[in-house]
Structures are given as structure tokens and as C-alpha cells.
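Chain by chain, the residues:
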Amino acid sequence: MSGRGARRRLVLLGGGHAQLAVLAWLARARPAGVEAVLVTPQPRQVYSGMLPGWLAGHYTEAQCVIALAPLAQAAGVMLRRAAAVGLDADARQVRLDDGGTLGYDWLSVNTGPAQDATRWGVAPLRPIEGWLVRTRQRLAEAPPRRVVVVGGGAAGFELALAWRHRLGPAAGVTLVSGRSGLLANYPEGVRRLGRQALAARAVTLIETRAVSGGPHGVVLADRTEVAADEVVLATGSVAPSWLDGCGLQRAPDGGLATGPTLQSVSHPEVFAAGDVASRLERPLPHSGVYAVRAGVALAAGLRAALAGAPAPLWHPPQHTLNLLSLGDRDAIASWGPLALQGPWIWRWKDRIDRGFMRRHGTPACAQR
Ligand SMILES: Cc1cc2nc3c(=O)[nH]c(=O)nc-3n(C[C@H](O)[C@H](O)[C@H](O)COP(=O)(O)OP(=O)(O)OC[C@H]3O[C@@H](n4cnc5c(N)ncnc54)[C@H](O)[C@@H]3O)c2cc1C
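Residues numbered from 1 in each chain as written. Predicted model: local features only at pLDDT ≥ 70, side-chain atom pairs only at ≥ 80, totals over all residues. Heavy atoms only, no water.

S.K.: What is the right way to read the nonpolar core from this model?
M.R.: The tendency in soluble globular proteins is for nonpolar side chains to be buried side by side. Residues Leu26, Val77, Phe157 and Trp163 are the most contacted members of the largest nonpolar core, which totals 80 residues. If you tally residues by element for this core, the top one is helix α7 (residues 288–306), at eight residues. Both domains that meet at this core, namely domain 1 (8–41 + 82–113 + 239–306) and domain 2 (128–236 + 321–366), each give it at least three residues. Setting aside residues up to four positions removed in sequence, Phe157 forms contacts with Gly151, Leu175, Leu182, Leu183, Gly194, Ala197, Leu198, Leu324, Ser325, Leu326 and Ile332. Core analysis: the second largest hydrophobic core is formed by 23 residues, Leu13, Val94, Trp242 and Val270 among them. (Core = buried A, V, L, I, M, F, W, Y, C linked by side-chain atoms within 4.5 Å. Buried < 20%, exposed > 50% of the residue type's maximum accessible area, 1.4 Å probe, protein only. Helix = DSSP H or I, 4+ residues; strand = E, 2+ residues; numbered from the N terminus. Domains from an automatic or database assignment. Contact = heavy atoms within 4.5 Å.)

S.K.: For this particular structure, what's the right way to read the site of the ligand?
M.R.: Within the structure, the ligand sits among 28 residues, and His17, Gln45, Ser48, Ala84 and Asp275 are positioned closest to it. In this structure, Ser48 approaches the ligand through a side-chain N or O atom, which is 2.5 Å from an oxygen atom. The side chain of Glu158 places a nitrogen or oxygen atom 3.2 Å from a nitrogen atom of the ligand. Across the complex, the protein chains shield 88% of the 1000 Å² of accessible surface that the ligand would expose by itself. Listing elements by their share of the shell around the ligand, those giving two or more residues are α5 (154–167), α7 and β22 (322–326). For the shell around the ligand, a count of residues per class yields twelve nonpolar, 13 polar and three charged. (Near = heavy atom within 4 Å. Polar contact = N/O pair within 3.5 Å; in protein donor to acceptor, adjacent residues only side chain to side chain. Areas by Shrake-Rupley, 256 points an atom, 1.4 Å probe, with all protein chains shown as cover. Nonpolar A, V, L, I, M, F, W, Y, C, P; charged D, E, K, R; others polar.)

S.K.: Honestly, the sheet that holds strand β9 (residues 106–109) in this entry has me stumped. Any pointers?
M.R.: Sheet strands pair by backbone hydrogen bonding; their relative direction is either parallel or antiparallel. Across the sheet, five strands lie side by side as β5-β2-β1-β9-β20; this open sheet has parallel pairing. The open sheet has two edge strands, β5 (78–81) and β20 (270–272), and neither has a second partner. Taken pair by pair, the neighbouring strands of this sheet meet at an average axis angle of 20°, ignoring direction. Most of the contacts of α7 go to β20, to which it runs at about 170°, and overall it touches β1 (8–13), β2 (34–40), β9 and β20. (Pairing = 2+ DSSP bridges. Axes fitted to C-alpha atoms, helices over the stretch in contact; angles between N-to-C directions.)

S.K.: How should I be thinking about the packing of aromatic side chains in this particular structure?
M.R.: How two aromatic rings sit relative to each other is set out by the distance from centre to centre and by the angle between their planes. Within the structure shown, the criterion is met by four aromatic pairs. Ring plane angle 75° and centroid distance 6.2 Å describe the contact between Trp54 and Trp131, whose orientation is recorded as edge-to-face. One end of the pair, Trp54, is in helix α2 (residues 51–56); the other, Trp131, is in helix α4 (residues 128–141), and 77 residues separate them in sequence. Each of the two residues, Trp54 as well as Trp131, counts as buried. Taken together, a centroid distance of 6.0 Å and an interplanar angle of 15° make the contact between Trp344 and Trp348 stacked. Taken as a pair, Trp344 and Trp348 lie in helix α8 (residues 343–359) at a separation of four residues, close to a single helical turn. Since its relative accessible area comes to 45%, Trp344 is described here as partly exposed. (Phe/Tyr/Trp six-rings, centres within 6.5 Å; stacked < 30°, edge-to-face > 60°.)

S.K.: What is the right way to read the side chain of Asp330 from this model?
M.R.: The residue Asp330 is located in strand β23 (residues 328–335) in this model. When its relative accessible area of 12% is taken as the criterion, Asp330 is described as buried. For Asp330, the side chain forms a polar contact with the main-chain nitrogen of Gly342, separated by 3.3 Å. Here Asp330 is in contact with Arg201, Leu324, Ser325, Gln341, Gly342, Pro343 and Trp346, once residues within four sequence places are set aside.

S.K.: Please clarify how the layout of surface pockets should be interpreted in this entry.
M.R.: In this approach a probe as big as a water molecule rolls over the atoms, and the regions it shows empty are the leftover space. Volume-wise, the second largest pocket comes out at about 260 Å³. Taken together, 15 residues form the lining of the second largest pocket, with Leu20, Ala21, Ala24, Gly295 and Val296 sitting closest to its centre. Elements that contribute at least two residues to the lining of the second largest pocket include exactly α1 (17–29), α7 and α8. Partitioning the lining of the second largest pocket into residue classes produces nine nonpolar, three polar and three charged. The two domains that each donate at least three residues to the lining of the second largest pocket are domain 1 (8–41 + 82–113 + 239–306) and domain 2 (128–236 + 321–366). (1 Å grid on protein atoms, 1.4 Å probe; cavity = no way out; pocket = protein on both sides within 12 Å on 5 of 7 lines; lining within 4 Å. Points joined across faces, edges and corners; volume = space filled by probe spheres on them.)

S.K.: Looking at this structure, I do not really get the sheet that holds strand β8 (residues 101–103). What am I missing?
M.R.: If you trace the three strands from one edge of the open sheet to the other, you get β6-β7-β8, paired in antiparallel fashion. Edge positions in the sheet fall to β6 (84–88) and β8, since each of these pairs with one other strand and no more. For this sheet, the mean angle separating the axes of adjacent strands, direction not counted, is 20°. Two elements, β6 and strand β7 (residues 93–96), share four bridges in a ladder whose sense is antiparallel. Bridging across to β7, Gly86 finds its partner in Arg95.

S.K.: Looking at this structure, how should I read the domain arrangement of the chain?
M.R.: Interface size is commonly expressed as the accessible surface area that is lost when the partners come together. The assigned domain composition of the chain is domain 1 (8–41 + 82–113 + 239–306) and domain 2 (128–236 + 321–366). A C-alpha centroid distance of 29 Å is found between domain 1 and domain 2.

S.K.: What am I meant to see in empty space enclosed by the protein here?
M.R.: Across all of its chains, the model carries two cavities of 30 Å³ or more by this definition. If you trace the largest cavity, you find 17 residues lining it, with Ala273, Gly274, Ala277, Leu284 and Trp314 closest to the centre. Contributing elements (two or more residues each) for the lining of the largest cavity: β21 (277–279) and α7. Residue composition of the lining of the largest cavity, by class: ten nonpolar, five polar and two charged. Here the second largest cavity defines a volume of roughly 80 Å³. Along the wall of the second largest cavity there are 14 residues; nearest its centre are Gly53, Tyr59, Ser325, Trp346 and Lys349. At the level of secondary structure, the elements contributing two or more residues to the lining of the second largest cavity comprise α2 and α8.

Right, here's the structure in full:
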């Protein structure tokens, strides 16, 4: 107990993809005797699945964000505008950047990953909120003429193609994919379609590593320089530094180590989902798709914990459907070994994304 009489406190740390399902469950169930607090640095959650579509010009900003305050209010959850800067798992306390601390009986962590930008003289893509605001300003003031995107994963691939569509054929767009190559976590069929899509849209693909960079371009591993007036750092994610010294067991990749119930393997009162967590017995790719899928399991685990019951096991699907947009209204679908491409896949993705946003109260997505 944390000194709140009979009421026990559930702290929702971060309003990421999985936490949305927890808020929806709390709104339905309103469990008695529980005081719930959502800690979030921003009053909104940017939906990364639609971010390339925003950059390409298909969506307004309002269509790509989920307002967290109305969801918290509907769930009877207090909203605290702050970010976690530390955690003492043994004392069950979160340290916040507003100087305060917050005790908990249960903690649900969904803060997403961080990005290591130490070698770079450019701001990273994460936090996505900051990137969105900077890019909006850039587009309004002086759209770039030469863009380099660093990172050959889904985010870098989609953003390079979105820049191409946004800026038109006169702009130079280069994607530096890193040593592991383009879309390294995808099957060969998707990689082949991905390479063809870049070539067809005149995006230069450099399949080597960029070692440093700044506002004027990047330097490749062989010391070649690629000039640019906009560099997007879509390099892989790392565990956030607020986890350092927290006392929770960490996975080999630095993530918060969880088991099949999404509970911390060292502290069962802590649940975690999304890119901040790493399942020990079955590592999952860090992706928005898995973060969304984990949401229902996270809510079920918390419901059981609050009732004093064992949390159910989560069996993640073997394959997930991944839809990669190609800047224009075209997209690639990846499911298991299958790879398909066509405008109908873009329309399918558009329907899924808008449906997800509508379900979480983004009214702008109701309009076509
Ligand atoms: C451009 C782009 C395109 C992508 N496309 C795809 C795709 O097509 N398919 C796919 O599967 N994945 C995609 N991804 C990856 C996907 O975005 C991530 O895997 C996903 O965001 C992880 O979800 P999450 O809920 O764990 O974290 P997030 O979505 O990052 O949410 C974390 C939340 O926690 C908050 N937060 C952060 N730090 C703190 C803190 N210290 N204290 C409190 N709150 C905090 C943040 O403000 C945010 O609201 C893409 C990523 C990008 C950038």
C-alpha cells in the first residue's frame, strides 16, 4: 500500500499504443477502490502509422493524433503532464521531470523507446512529437531541397518515400540504410518490392552505414559525404535512460524484461508493453503493430492483478500484417512470407488507420 487509505494506485506511465487499450478498459470497467493516474509529457499521442502519410500530405496533423485528456477523463483517470526521469522499483516510486515523485501499487509502462543521437548533430526522430513540430515549421518556412534519411527500417523507408512525394521530383532524396541493408527485418519479397519502389520514385538507396552527420549532410563509413539540407535520423531504437538504475530486471537489449504475462520478471506489480519492453522467452520485433496487439493483454493483466488473480498469458501472433506506404497512394503488404503491392493496399491501410484513430476518439478521421 502507498499511504492512500483503502484506495490503491495504478500508474499508467506513457500513453503509448498499448496503454490506449488500458484506458478503454478502465472507461468500461471503472474498477472500485483504484486511483489511476496517467503520466504523459504530451497531452496527445502521435500515431506513427499515419506520420509518413502526414508528411506526404495525405493527412492533416489533427488526423494523426489521439487526444489523451478526453480518454483519461472518460476512464476516470487523473492526467499528470510530466515525463518519468527515474524509477525506484523497490520503493515503488516514479521520479518525474516536474520534480515530483509518484508512488504506485501497480505500474503499467508504455513509454516507447529512445534513440541514441550522441554522434549526430541533428535532432532524432524520437520523441516523435518534437520531430513533428520541427518538420511542420520547416515545411512552412523553407522546405528542404535535398533530404537524407538515415535508417533502412520501416520508419526510414516510409519517410524517405513520403519526402519524395511531398517535395516533388526536383528534390534530391537519399536513403542510407545501414550495414544490414534495406528493410532487414522483412522477408526477401518485401525487400525486393521496397528496392523497386525506391528506384521507381528516384530515391537513391545507399546500403552502407552513415557514421556521423549534421544539418549539412552525413558522412558514410568510407568517409564519402552526402550533402543535404535536411537529415532525418530514423536509426534504431534503444532503451530509454530513465530505466537506468531502476532496479527492474533488464533484457539483453536493455529493455524492461517481461514474461508471458507482460509482468516484469523481477517485480510482478510492474507491467510493460510496447517498445520499452522485451519479452525474455519470446523476443518480439519492436513495432507499432505488436504494441497495439499487446494492449488487450496489458488491460487483461491489470484487470486480473487488481482482482488479486494471476494475469493471463499473452500469446502473440506468429505473423503480423505490416503495411508500408510508398509516399504516393501505393503500399506494400507483408504477412509471413507474403509480399504484395498496389494502390488497393494503400486504401486498405488508410481504412485500418482511420478506423484505429476513430476508435480512440480522433473525430477528424471520421471525414473522407
Ligand atoms: C515514421 C515511423 C513510421 C513507423 N511505421 C511503422 C509501421 O508501419 N508499422 C509498425 O509496426 N511500426 C512502425 N513504426 C514503429 C512504431 O512507431 C513503434 O514501434 C511504436 O511507436 C511503439 O509503440 P509504443 O506504444 O511502445 O511507444 P510510442 O508510440 O513511442 O508511445 C510512447 C508514449 O510514451 C510517452 N513517453 C515517452 N517517454 C516518456 C516518459 N519518460 N514518461 C512518460 N511518458 C513518456 C510518449 O510521449 C508517447 O506518448 C514507425 C515509427 C516511425 C517513427
